[in-house]
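Each chain, written out:
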Amino acid sequence: MHPDAFAVAQAFAPARLTMARELAGLRKRDLAEAIDRTAAAVSQYELGQARPSGETLARCAMALDVPVSFFVAGRPQLRLDTAGAHFRSLRTTTAHQRQQALAHVELLWELIDQLDNVLELPPLDLGLPLGARPGEPAATANLIRTAWGIPSGPVVHLVRTLETRGLVLTQLPGVDAETIDAFSAALHGRPMIVLSRKGNPMRQRFSVAHELGHLLLHPDPAPGDGRHEREANTFAAELLMPADEIRDRLPTPVDITDLKETADGYGVSVAALAYRGKDLGVYSESTLRRVMATLTKLGWRTGEPVGSRYPGERPELLIRAAELAQRHGLPLPLLADRLHLPLPRLRDLLGMPDPRPRLRLIHGDG
């Protein structure tokens, strides 16, 4: 048994076991099987109705890939539920999938809290207060463009713009691109947009704008609410493709090559641009259907080609903050220790590449 396991068992925090299990993507019955206990016993541990032994905690740590010390009480912990975040649909995801994604956000909140002790992250300044209900979605998007000093043309590097204005964006390994895609939450004045690590970069830009719309327009999340989703889409479309200028740039008659060129110029997918044309009355419903059918045949609905020199807009705020913290007395190993995480897990949470060289063996002839 791990030498610290007995001591941790005396200061066991039930919510930490729940968090570690959700981070690992396990259900209670899955963890119960891994540690040779019953699902009812795991429920009792997580509810604080029973205290696991040191041996049981050691088994939990091994099954969940965290140090035994992860389960000790005494550290601030954020607890989120589905009602506190902007999820697009409750039908395409299970409660289990959503809670795994939220557990990553809870851990990121602790990471940011640690970084705040040694450095000052950019103050929140999106141009408008969060949840101020400033008005109609398209008008709000135009207010944001004005506040950002973008009178016309595309929004250049949306992710970087938001990071410099104090919003945290992250790509998490626990987010399923096919079911969740993106979601957002306002965490005690430090809002966060969570993205998958897959998907088309142009579609991801729209997702970021969509989630920004939620944060600005909807102070009270209503996951899966149709009206909220439509308003967030309207905001995103106007932010990235302002009606007054995009209307005259939409190719008529429709030509996929011309659509692609215009879409690339504004950093959106061809599908998003085609829908924008339909919403603005430039394209008919039948024209939109033909465009979408063509995109399906080309495989562009899910795999639209992107220029080889365009890597996509990847969040960097947390990586740069962790690098700066290292130079001011908080090296990564110490940060991992304070979060009670293995160093590789911390790097993955930050989105940092593994610095170790990869050994490749080549099978030669003879």
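Here is a short report on the structure shown in this document.

About the criteria used
- Residues numbered from 1 in each chain as written.
- Predicted model: local features only at pLDDT ≥ 70, side-chain atom pairs only at ≥ 80, totals over all residues.
- Heavy atoms only, no water.
- Buried < 20%, exposed > 50% of the residue type's maximum accessible area, 1.4 Å probe, protein only.
- Helix = DSSP H or I, 4+ residues; strand = E, 2+ residues; numbered from the N terminus.
- Arc of directions from axis to C-beta.
- Contact = heavy atoms within 4.5 Å.
- Phe/Tyr/Trp six-rings, centres within 6.5 Å; stacked < 30°, edge-to-face > 60°.
- Lys NZ or Arg CZ within 6 Å of the ring centre and 35° of its normal.
- 1 Å grid on protein atoms, 1.4 Å probe; cavity = no way out; pocket = protein on both sides within 12 Å on 5 of 7 lines; lining within 4 Å.
- Points joined across faces, edges and corners; volume = space filled by probe spheres on them.
- Nonpolar A, V, L, I, M, F, W, Y, C, P; charged D, E, K, R; others polar.

**Observations concerning helix α18 (residues 343-350)**
Phase 1: Of the residues making up α18, those classed as buried are Leu346, Leu349 and Leu350. Looking straight down α18, one finds its buried side chains confined to an arc of 95 degrees; they lie on one side.
Phase 2: Elements that come into contact with the buried residues of α18 comprise α6 (95-116), β1 (168-171), α16 (317-326) and α17 (332-339).
Phase 3: Downstream of α18 by one or two residues, glycine 351 has phi in the positive range, about 80 degrees.

**Overview of α16**
Phase 1: Along α16, the residues classified as buried are Leu317, Leu318, Ile319, Ala321, Ala322 and Ala325.
Phase 2: On its buried face, α16 sits against α6, α8 (158-164), β1, α17 and α18.

**Points about the packing of aromatic side chains**
Phase 1: Using the criterion set out here, one finds two aromatic pairs in the structure.
Phase 2: Centre to centre, the rings of phenylalanine 70 and phenylalanine 71 are 6.1 Å apart; their planes meet at 85 degrees, and the pair counts as edge-to-face. This pair shows no difference in class: phenylalanine 70 is buried, exactly as phenylalanine 71 is.
Phase 3: A centroid spacing of 4.6 Å and a plane angle of 25 degrees characterise the contact between phenylalanine 87 and phenylalanine 183, whose relative ring orientation is stacked. Of this pair, phenylalanine 87 sits in the loop between α5 (54-64) and α6 while phenylalanine 183 is found in strand β2 (residues 182-187), placing the two residues 96 residues apart along the sequence. Here the two residues phenylalanine 87 and phenylalanine 183 agree in accessibility, since each one is buried.
Phase 4: The ring of phenylalanine 70 carries the charged tip of arginine 16 above its face, separated from the ring centre by 5.6 Å.
Phase 5: In this structure, arginine 75 packs its charged tip against the face of phenylalanine 70, placed 5.6 Å from the ring centre.

**Remarks on the layout of surface pockets**
Phase 1: As a volume, the largest pocket reaches approximately 690 Å³.
Phase 2: Lining the largest pocket we find 24 residues, and of these Phe206, Asn233, Ala271, Ala272 and Tyr275 sit closest to its centre.
Phase 3: The set of elements that each furnish at least two residues to the lining of the largest pocket consists of α9 (201-217), α10 (226-240), α13 (270-279) and α15 (300-303).
Phase 4: The greatest single-element share of the lining of the largest pocket, amounting to five residues, is contributed by α13.
Phase 5: Residues that form the lining of the largest pocket fall into these classes: eight nonpolar, eight polar and eight charged.
Phase 6: Residue lining of the second largest pocket: 16 residues in total, with Gln171, Pro315, Ile319, Leu350 and Gly351 positioned closest to the centre.
Phase 7: For the lining of the second largest pocket, the secondary structure elements donating two or more residues are β1, α16 and α18.
Phase 8: Class assignment of the residues belonging to the lining of the second largest pocket gives a composition of eight nonpolar, three polar and five charged.

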